[in-house]
Amino acid sequence: MGSSAQNPSPGQLQSKIDRKQSLIGGHKAHERVLTTEVSSYTKRIDNLQSDITSLSARQQKLQTSLDAKRAQLAAVQAKLRAERARLARLRARLLVVQRTLANRLVELYKADKPDVVTVVLNSNGFEDLLERTEFMHRISQQDAHIIGVVRSAKADATSTAATLDGLEKQAAHVAAQIQSQRDQVSTVRVSLVGRRDSIQSVRSQKFTLLKSSRNRRHALEDDVASLKNAQAKIQAKLAGFAGSQPAGPIRGGSHGLIWPVNGPITSPFCESRAWESCHPGIDIGVPSGTPIRAAAAGKVVLMQPEAASGGYGNFTCIQHTASLSTCYAHQSRFGTSIGAQVSQGQVIGYSGCTGRCFGPHVHFETRINGSVVNPMNYL
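Since this is a predicted model, take the numbers as computed values, not measurements.

*Asks:* Just checking my understanding: could you explain the overall build of the protein for this structure?
*Replies:* Summing up its helical and strand segments, the protein has six helices and 10 strands in all. Counting only residues that meet the buried cut, the protein has 34% of its 379 residues in that class. For the protein, long-range pairs separated by at least 24 residues make up 66% of all intrachain contacts whose partners lie at least 6 apart in sequence. Summed over its atoms, the accessible surface of the protein is roughly 21100 Å², and 53% of this surface lies on carbon and sulfur atoms.

*Asks:* I would appreciate a short explanation of the packing of aromatic side chains in the present structure.
*Replies:* A ring pair, where both rings are aromatic, is described by two values, the distance of the centres and the angle of the planes. For the structure on display, the rule yields two aromatic pairs. Judged by centre distance (4.4 Å) and plane angle (25°), the ring pair of Tyr312 and Phe315 falls under stacked. For the ring pair Tyr328 and Phe364, a centre distance of 5.4 Å and an interplane angle of 45° mean the geometry is tilted. With a gap of 36 residues between them, Tyr328 in strand β6 (residues 324-334) and Phe364 in strand β9 (residues 361-368) connect regions that are remote in the sequence. In this pair, the class of Tyr328 matches that of Phe364, namely buried.

*Asks:* Hey, could you run me through the pattern of salt bridges in this one?
*Replies:* Opposite charge on two side chains permits them to pair, given that their charged atoms come into close proximity. The final tally for this structure, using the stated rule, is seven salt bridges. Linking Asp197 and Arg196 is a salt bridge whose minimum nitrogen-to-oxygen distance equals 3.1 Å. A residue is classified by how much of its surface remains accessible, and Asp197, at 35% relative accessible area, is partly exposed. Where Arg217 meets Glu221, a salt bridge forms, and the shortest distance between an N and an O atom there is 3.1 Å.

*Asks:* Sorry, what's going on with the nonpolar core here?
*Replies:* Generally speaking, nonpolar side chains in soluble globular proteins are found buried as a group. Counting 20 residues, the largest nonpolar core has Ile318, Tyr328, Ile348 and Phe364 as the members making the most contacts within it. Of all the secondary structure elements, the ones that give two or more residues to this core are β2 (282-285), β6 and β9. By size, the runner-up hydrophobic cluster in this structure holds 13 residues, among which are Ile45, Leu55, Leu62 and Ile199.

*Asks:* Would you explain the state of the cysteines in this entry?
*Replies:* Covalently bonding the sulfur atom of one cysteine to the sulfur atom of another cysteine gives a disulfide. Counted under the stated rule, the structure contains three disulfides. Sulfur-sulfur distance for the disulfide between Cys317 and Cys327 comes to 2.1 Å. Around the S-S axis, the bridge from Cys317 to Cys327 shows a dihedral of about 110° and counts as right-handed. In this pair, Cys317 sits in strand β5 (residues 314-319) while Cys327 sits in strand β6, placing the two residues 10 residues apart along the sequence. A relative accessible area of 1% means that Cys327 is categorised as buried. Sequence-ordered numbering of the bonded cysteines in the protein yields a pairing of 1-2, 3-4, 5-6.

*Asks:* Can you help me understand the side chain of His363 in this one?
*Replies:* Along the chain, the position of His363 falls in strand β9. A polar side-chain atom of His363 sits 2.7 Å from a polar atom in the side chain of Glu365. If sequence neighbours within four positions are ignored, His363 has contacts with His279, Pro280, Gly281, Ile282, Asp283, Tyr312, Cys327, Tyr328, Ala329 and His330.

*Asks:* Help me understand the environment of Ala296, please; the structure alone is not making it clear to me.
*Replies:* Within the secondary structure, Ala296 sits in the loop between β3 (291-293) and β4 (298-304). Judged by relative accessible area, which is 11%, Ala296 ranks as buried. For the pair formed by Ala296 and Gly256, sequence separation is 40 residues and the distance between their alpha carbons is 7.8 Å. Once you skip the residues sitting within four places of it in the chain, Ala296 turns out to touch Leu257, His320, Ser343 and Gln344.

*Asks:* When you look at the environment of Val188 in this model, what are you seeing that I'm missing?
*Replies:* Tracing the sequence through the fold places Val188 in helix α5 (residues 141-240). The spacing of Val188 and Ile52 is 136 residues in sequence and 8.8 Å in space, taken between C-alpha atoms.

*Asks:* When you look at the pairing of β5 in this model, what are you seeing that I'm missing?
*Replies:* For β5, the buried fraction is high: five of the six residues fall into the buried class. Sheet topology note: the β4/β5 ladder contains five bridges and is antiparallel. When the sheet's bridge partners are listed, Lys299 is paired in β5 with Gln319. Here β5 runs beside β6; their pairing, made up of five bridges, is antiparallel. Paired with Cys317 across the two strands is Cys327, which belongs to β6.

The rules behind each value
Residues numbered from 1 in each chain as written. Predicted model: local features only at pLDDT ≥ 70, side-chain atom pairs only at ≥ 80, totals over all residues. Heavy atoms only, no water. Helix = DSSP H or I, 4+ residues; strand = E, 2+ residues; numbered from the N terminus. Buried < 20%, exposed > 50% of the residue type's maximum accessible area, 1.4 Å probe, protein only. Contact = heavy atoms within 4.5 Å. Areas by Shrake-Rupley, 256 points an atom, 1.4 Å probe, with all protein chains shown as cover. Phe/Tyr/Trp six-rings, centres within 6.5 Å; stacked < 30°, edge-to-face > 60°. Salt bridge = Lys/Arg side-chain N within 4 Å of Asp/Glu carboxyl O. Core = buried A, V, L, I, M, F, W, Y, C linked by side-chain atoms within 4.5 Å. Disulfide = S-S within 2.5 Å. Polar contact = N/O pair within 3.5 Å; in protein donor to acceptor, adjacent residues only side chain to side chain. Pairing = 2+ DSSP bridges.

Here it is, written out as structure tokens:
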């Protein structure tokens, strides 16, 4: 926000940019964690789904087998019902035959045939009577045939009913076992489905957080782009005034050098910063475009544009003696050339805010044999 909310300085814009980029970095780190978690949950869901699919196939096979056994049981039960109905009919028919035979006995008795009565009296019940050869010879061939059929049918129906009862019990037992297996598989499958749905819910929450973080990061990136654009416009505008500021009076030093510009020190020598433990010079605050004077006579031995000097921006160094040199950073533009001989106080460039900079100023260094020393010891 510069001097006012409506007119932020490039330095203040850069401060905003740095804060937002820090937030962007935090969002990216958070998104990496969330992406890893979502991927892990997806893998777990895929594994559970594979197990669920396998159990569903097994459950379907057991259900098919159960349906077949139930159909088999139904067929046995139907056959059993049919045989029992047949047996009931035969028993009813047998009862009719028994009554018919009883009537015949009465008729034989009235006909006064003692041999028949003797047979009856010497018989131990109706079943024994049927076995008596003498009695069988005395009844009609038709009655004998009926009795034989009834007796055979009764035995066959009784045997069939017993066999079907056994088959029904066996089929019911097998069906119960299959149903138990199916129910066990179904229970495990339902449990796995519950776990899968629970993990899907957690993954959905993580994905929502990831989407929200991405949206916020994209908004911050848009803000940074907008701030950089505003910063570039301000810097371009300030650069347009390069050289328009008055040089002002020369400010002499007490140790042979003069001040490159006349302004307050905004950052002292060896000040600790987030990106450096010791500030290698002093920063002198002046408006962009202020002429920069050579602190002493000498030869321009180094000129680097912003692209080559990194944080220094447009950078110039002058060799004064065999050991002493001075350097001037963050210039908006150069005012001399490499190899040029300059006199003390000659304009060698113009102040600006190129490189790593938070507002127009001149970064001034003094070096002895290439090593930075405190400029205040020479001004």
